[in-house]
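Single-letter residue listing:
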Amino acid sequence: DVKVTQSSRYLVKRTGEKVFLECVQDMDHENMFWYRQDPGLGLRLIYFSYDVKMKEKGDIPEGYSVSREKKERFSLILESASTNQTSMYLCASRQQGADGYTFGSGTRLTVV
Amino acid sequence: GDSVTQMEGPVTLSEEAFLTINCTYTATGYPSLFWYVQYPGEGLQLLLKATKADDKGSNKGFEATYRKETTSFHLEKGSVQVSDSAVYFCALTRIQGAQKLVFGQGTRLTINP
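Residues numbered from 1 in each chain as written. Chains lettered and ligands numbered in written order. Predicted model: local features only at pLDDT ≥ 70, side-chain atom pairs only at ≥ 80, totals over all residues. Heavy atoms only, no water.

**Re the overall build of chain A**
For step 1, the next point in the chain: Helix and strand counts for chain A stand at zero helices and twelve strands.
For step 2, the next point in the chain: Going residue by residue from the N terminus, the α and β elements of chain A occur as β-β-β-β-β-β-β-β-β-β-β-β.
For step 3, the next point in the chain: Taking 112 residues into account, the globule formula puts the C-alpha radius of gyration at 13 Å, and chain A, at 13 Å, falls close to it.
For step 4, the next point in the chain: Each principal axis of the C-alpha distribution contributes one length, and for chain A these read about 40 × 25 × 25 Å.
For step 5, the next point in the chain: Looking at the 112 residues of chain A, the share that counts as buried comes to 50%. (Helix = DSSP H or I, 4+ residues; strand = E, 2+ residues; numbered from the N terminus. Rg over C-alpha atoms; globule rule 2.2 N^0.38 Å. Buried < 20%, exposed > 50% of the residue type's maximum accessible area, 1.4 Å probe, protein only.)

Here it is, written out as structure tokens:
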């Protein structure tokens, strides 16, 4: 089975900390995505990457950055965590040109 | 910009009831349309999709028809089961351009035995 693995299911961090969320896929997909999921708002795109070392801002990039040094790994970075970044974060990957996205199980981040 | 609107939840039904979850979209051109499902504690899974007008996607007893004239993609199931309890997301992606998935707000469905 193809897989997208997010390194942590639950994280608790303090305000102002630098936070790294890691995502690894084993499908050799070119495209990778970071979404955040909030009740009543659905999933909103933070950043995505077409390929290694490439990144594009999504709809809500403020307060976040990303890194894609290897094809299989896409990291989301919260430069200085704030309480309004408490959310569920979902990573996804996709073969370039294909319809299907594969999602990870999500990381529930709480910033206190 | 592109957007997806789903019916407000939560939705609670009894087992074997008929289900409809409404979804409408706004997009230029001819987007592909999807329904994703999220079971408790899990990520999203693709439930069904349709890539052109009048296409019907189906899977696990669920169906949705791509209606360009009403810009809709309503999800239906004739007889729901307790195991269908989940959050359902309608989504679209455009064939050209960035091909990002744009999601609706999600509808939580609970089926009681």
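Here the narrative resumes.
**Section: the packing of aromatic side chains**
For step 1, the next point in the chain: Scanning the entire structure with this criterion turns up 15 aromatic pairs over all chains.
For step 2, the next point in the chain: Ring geometry for Tyr101(A) and Phe103(A): centres 6.4 Å apart, planes at 20°, overall stacked. For the pair Tyr101(A) and Phe103(A), one class covers both residues: buried.
For step 3, the next point in the chain: An aromatic cluster is built from Phe33(A), Tyr35(A), Phe48(A), Tyr50(A), Tyr101(A), Phe103(A), Phe34(B), Tyr36(B), Phe89(B) and Phe103(B), whose rings are joined through pairwise contacts. (Phe/Tyr/Trp six-rings, centres within 6.5 Å; stacked < 30°, edge-to-face > 60°.)

**Overview of the interface of chain A and chain B**
For step 1, the next point in the chain: Of the residues lining the interface, 20 residues belong to chain A; the matching set on chain B comes to 20 residues.
For step 2, the next point in the chain: Here chain A meets chain B over a buried area of about 1600 Å², counting both sides, of which 51% is carbon and sulfur.
For step 3, the next point in the chain: If you sort the residues of chain A by the area they bury against chain B, Asp99(A), Tyr101(A) and Phe103(A) come out on top, with a joint share of 33%.
For step 4, the next point in the chain: Scanning the region where chain A abuts chain B turns up zero salt bridges.
For step 5, the next point in the chain: Summed over the shared surface of chain A and chain B, the result is five residue pairs in polar contact (both at pLDDT 80 or more).
For step 6, the next point in the chain: Residue assignment for the side of chain A that touches chain B shows that the elements contributing at least two residues are strand 5 (31–38), strand 6 (42–49) and strand 10 (87–94) of chain A.
For step 7, the next point in the chain: Of all the elements, strand 6 of chain A adds the most residues to the side of chain A that touches chain B, at four residues.
For step 8, the next point in the chain: When the residues that make up the side of chain A that touches chain B are grouped by side-chain class, the tally is nine nonpolar, seven polar and four charged. (Contact = heavy atoms within 4.5 Å. Buried area = accessible area lost by both parts, 1.4 Å probe. Salt bridge = Lys/Arg side-chain N within 4 Å of Asp/Glu carboxyl O. Polar contact = N/O pair within 3.5 Å; in protein donor to acceptor, adjacent residues only side chain to side chain. Nonpolar A, V, L, I, M, F, W, Y, C, P; charged D, E, K, R; others polar.)

**A short note on the state of the cysteines**
Residue and element names in this part refer to chain A.
For step 1, the next point in the chain: The tally for this structure, following the rule as stated, stands at two disulfides over all chains.
For step 2, the next point in the chain: Between the sulfur atoms of Cys 23 and its disulfide mate Cys 91 the distance is 1.9 Å. Here the S-S torsion is close to -75°, and the disulfide linking Cys 23 with Cys 91 is therefore left-handed. Separated by 68 residues along the polypeptide, Cys 23 in strand 4 (residues 23–25) and Cys 91 in strand 10 bring together distant segments of the chain. (Disulfide = S-S within 2.5 Å.)

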